[in-house]
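Given next are the chains, with one letter for each unit.
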Amino acid sequence: MTVVDQLRAQRMLRVIWPDGTQANFPFIWLRDNCPSAWHPETQERMQDLLAIPADLSAHDVSVEGDCVTVAWEDDGHRSRFSLDWLAQHAPGRPLPDPAEIAAKPWRGDIARQDLPTGDAASLLADDGALAHWLAETRAWGISLVDGLADDPQAGMAVARRIGFLRETNFGTVFEVKSKPNPNNLAYTAVALPLHTDLPNQELPPGYQFLHCLANEAVGGGSVFADGYAIAEDLRRNAPDAFDLLSTIPIPFRFHDGDVDIRRRHEVITLDDGGAVTEICWNAHLADVFDMPAETLAAYYRAYRAFMAATRDPAYAVEFALRPGEMVVFDNRRVLHGRAAFDPATGHRHLQGFYVDRGEFDSRLRVLAQTAGS
Ligand code: OGA
Ligand code: ZN
């Protein structure tokens, strides 16, 4: 039997479940999260916290079946909670999140056929296939889509199954081909060393999509590396470099005739628990380092150590995209690049667009909910 009692002095409710687990629920938390606090349709909180006394007390607590009812002394309001809901929301541990899928680091010993791959028609038609591919893409930070129609809209249709596209100063869709008057090295035929796109943006774009429409030129192979794996190896082998790269922000900047977009950021971002959550790496967009002179020499050593890793074949997976294929990767984790190509030998055309991490994770949660219901 579930036991519920008041810890009056601490203004808390204690619940002990039949399996012995127990949790304490402060009265203010219970009243703030009363089921009546939420709008029945929008599911947003309507309750005004300041309308509740900070030190409210319970006048009566009773358990009926699977629910506990608390009658509040101050205004006579009654709050009825399901015991299951209380067990799921016990204070002190975060609610499980279906989008929190552990990153699976990878290095250069894998090949294109090891990457998770989704079939375009299935991703468009089947929520289960979409959920599976999204979860794999979240874990690996990279995947392929094949079987796309020979249509510039086909890759975008898959991306829009996830969410809306992220617009940047290069547009919502960017055409990656060699063109006159380029404002970006991607729009030339030169090699692009491994990088992440747009670390100069206040929020660098999340998932990047490169849909291959043509790849007939000599050269132009794609290269990818897992920035999380590079960072973890650096943490182990060069801890001083790792510390500098994860604590000192550097300036990033893109500017042309229309825009001047700048942001300062660390190369390696860590969460509160020390896990790597983001990589910003773009030697072309790194602006003039402006840290104190005493720090510069050590910082350059650390920065060069990361750069050397990006050139180390131990991390790189290389393959040529084929028309009808699309590569999808977390641009805030996975570095991408390409070999130079010779536009005189044939046409190379990729179409690029982004969907941010927030939209990607939201789709994972919604699909998990519909699969579970
Ligand atoms: C880009 C880019 C890679 C390629 O457009 O951001 O890096 O293969 N392109 O052309
Ligand atoms: Zn790029």
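Just so it is clear, the structure is predicted and the values come from calculations on it, not from any experiment.

### Overview of the overall build of the chain
Alright, step 1. Tallying secondary structure elements over the chain gives 9 helices and 22 strands in all.
Alright, step 2. Its C-alpha atoms put the chain at 80 × 55 × 40 Å along the principal axes.
Alright, step 3. Every one of the 373 residues in the chain was classed for burial, and the buried ones make up 46%.
Alright, step 4. For the chain, the exposed area adds up to about 18300 Å²; of that, 52% sits on carbon and sulfur atoms.
Alright, step 5. Charge-centre separation for the chain: the mean point of 34 positive side chains lies 3 Å from the mean point of 53 negative side chains.

### Side note on the site of ligand 1
Alright, step 1. F174, V176, A186, L192, H195, D197, Q208, H336, R338, R348 and L350 make up every residue found near ligand 1.
Alright, step 2. Interatomic distance of 3.0 Å between a side-chain N/O atom of D197 and an oxygen atom of ligand 1.
Alright, step 3. The side chain of R348 places a nitrogen or oxygen atom 2.7 Å from an oxygen atom of ligand 1.
Alright, step 4. Its free accessible area being 290 Å², ligand 1 has 97% of it covered by the protein chains.
Alright, step 5. At the level of secondary structure, the elements contributing two or more residues to the shell around ligand 1 comprise β9 (174-176), β10 (192-195), β20 (334-338) and β22 (348-355).

### Some words on the pattern of salt bridges
Alright, step 1. All chains considered together, the criterion is met by 18 salt bridges.
Alright, step 2. Residue R161 is joined to D127 by a salt bridge in which the shortest nitrogen-to-oxygen separation is 2.9 Å. In this pair, R161 sits in helix α5 (residues 154-162) while D127 sits in helix α4 (residues 127-140), placing the two residues 34 residues apart along the sequence.
Alright, step 3. Classification of D127 as partly exposed rests on a relative accessible area of 39%.
Alright, step 4. Among the ionic pairs, R332 bridges to E278, the shortest N-O distance being 2.9 Å. Residue R332 is located in the loop between β19 (326-330) and β20, and its partner E278 is located in strand β17 (residues 276-279); the two are separated by 54 residues in the primary sequence.

### Let's talk about the packing of aromatic side chains
Alright, step 1. In this structure the tally under the stated criterion is 18 aromatic pairs.
Alright, step 2. Ring centres of F170 and F254 lie 5.0 Å apart, and the angle between their planes is 65°; this geometry places the pair in the edge-to-face category. Separated by 84 residues along the polypeptide, F170 in the loop between α5 and β9 and F254 in strand β14 (residues 250-255) bring together distant segments of the chain.
Alright, step 3. When its relative accessible area of 8% is taken as the criterion, F254 is described as buried.
Alright, step 4. Cluster of aromatic residues (ring-pair linked, three or more members): W281, F289, Y299, Y300, Y303 and F306.
Alright, step 5. Lying across the ring of Y187, K179 places its NZ or CZ 3.8 Å from the centre.

### A closer look at the sheet that holds β10
Alright, step 1. The antiparallel open sheet is built from 4 strands, whose spatial order is β10-β20-β13-β18. Taken across any chain shown, the strands that pair with only one partner, and hence form the sheet edges, are β10 and β18 (317-319). The mean inter-strand angle of the sheet, taken between neighbouring strand axes irrespective of direction, is 15°.
Alright, step 2. As judged from the 2 bridges shared by β10 and β20, these two strands associate in the antiparallel manner. Residue L192 lies in a different strand from β20, and its bridge partner there is R338.
Alright, step 3. Across the sheet, helix α6 (residues 227-237) lies against β13 (222-226) and β20, angled at about 45° from β13, the strand it touches most.

### Describing the packing of α4 against α5
Alright, step 1. In contact at an axis separation of 11 Å, α4 and α5 are set at 85° when each is read in the N-to-C sense. Taken together, the axes of α4 and α5 are roughly perpendicular relative to one another. Contacts between α4 and α5 pair D127, L130, W133 and L134 from the former with V158, R161 and I162 from the latter.
Alright, step 2. For the contact of α4 with α5, a count of residues per class yields 5 nonpolar, no polar and 2 charged.

### As for the nonpolar core
Alright, step 1. Core analysis: the largest hydrophobic core is formed by 29 residues, its most contacted members being L245, V267, I268, I279, Y299 and F306.
Alright, step 2. For this core, the secondary-structure elements that each account for two or more residues are β13, α6, α7 (239-247), β14, β17 and α8 (293-310).
Alright, step 3. The biggest single contributor to this core is α8, with 5 residues.
Alright, step 4. Leave out the neighbours within four places in its chain, and L245 touches L234, E266, V267, I268, Y299, A302, Y303 and F306.
Alright, step 5. Counting 27 residues, the second largest nonpolar core, distinct from the first, contains F170, Y187, L192 and Y354.

### A word on the confidence of the model for the chain
Alright, step 1. Put simply, the chain has an average pLDDT of 96, and 100% of its residues get 70 or more.
Alright, step 2. Per-element confidence in the chain is highest for β19, whose mean pLDDT is 99, and lowest for strand β1 (residues 3-7), whose mean pLDDT is 89.

### Digging into the domain arrangement of the chain
Interfaces are often sized by the amount of accessible area the parts lose when they come together.
Alright, step 1. Here the chain is described as being made up of domain 1 (3-89) and domain 2 (112-372).
Alright, step 2. Using only C-alpha atoms to locate each centre, domain 1 and domain 2 end up separated by 46 Å.

### Digging into the environment of K177
Alright, step 1. Along the chain, K177 falls in the loop between β9 and β10.
Alright, step 2. Its relative accessible area of 28% is what places K177 among the partly exposed residues.
Alright, step 3. Measuring from C-alpha to C-alpha, the distance between K177 and A368 comes to 38 Å, with 191 residues separating the pair along the chain.
Alright, step 4. Beyond its immediate chain neighbours, meaning those up to four positions away, K177 contacts A186, Y187, T188, R348 and H349.

Parameters and conventions
Residues numbered from 1 in each chain as written. Chains lettered and ligands numbered in written order. Predicted model: local features only at pLDDT ≥ 70, side-chain atom pairs only at ≥ 80, totals over all residues. Heavy atoms only, no water. Helix = DSSP H or I, 4+ residues; strand = E, 2+ residues; numbered from the N terminus. Buried < 20%, exposed > 50% of the residue type's maximum accessible area, 1.4 Å probe, protein only. Areas by Shrake-Rupley, 256 points an atom, 1.4 Å probe, with all protein chains shown as cover. Lys, Arg positive; Asp, Glu negative; His and termini not counted. Charge placed at Lys NZ, Arg CZ, Asp CG, Glu CD. Near = heavy atom within 4 Å. Polar contact = N/O pair within 3.5 Å; in protein donor to acceptor, adjacent residues only side chain to side chain. Salt bridge = Lys/Arg side-chain N within 4 Å of Asp/Glu carboxyl O. Phe/Tyr/Trp six-rings, centres within 6.5 Å; stacked < 30°, edge-to-face > 60°. Lys NZ or Arg CZ within 6 Å of the ring centre and 35° of its normal. Pairing = 2+ DSSP bridges. Axes fitted to C-alpha atoms, helices over the stretch in contact; angles between N-to-C directions. Contact = heavy atoms within 4.5 Å. Parallel < 35°, antiparallel > 145°, perpendicular 65-115°, else oblique. Nonpolar A, V, L, I, M, F, W, Y, C, P; charged D, E, K, R; others polar. Core = buried A, V, L, I, M, F, W, Y, C linked by side-chain atoms within 4.5 Å. pLDDT = per-residue confidence, 0-100. Domains from an automatic or database assignment.

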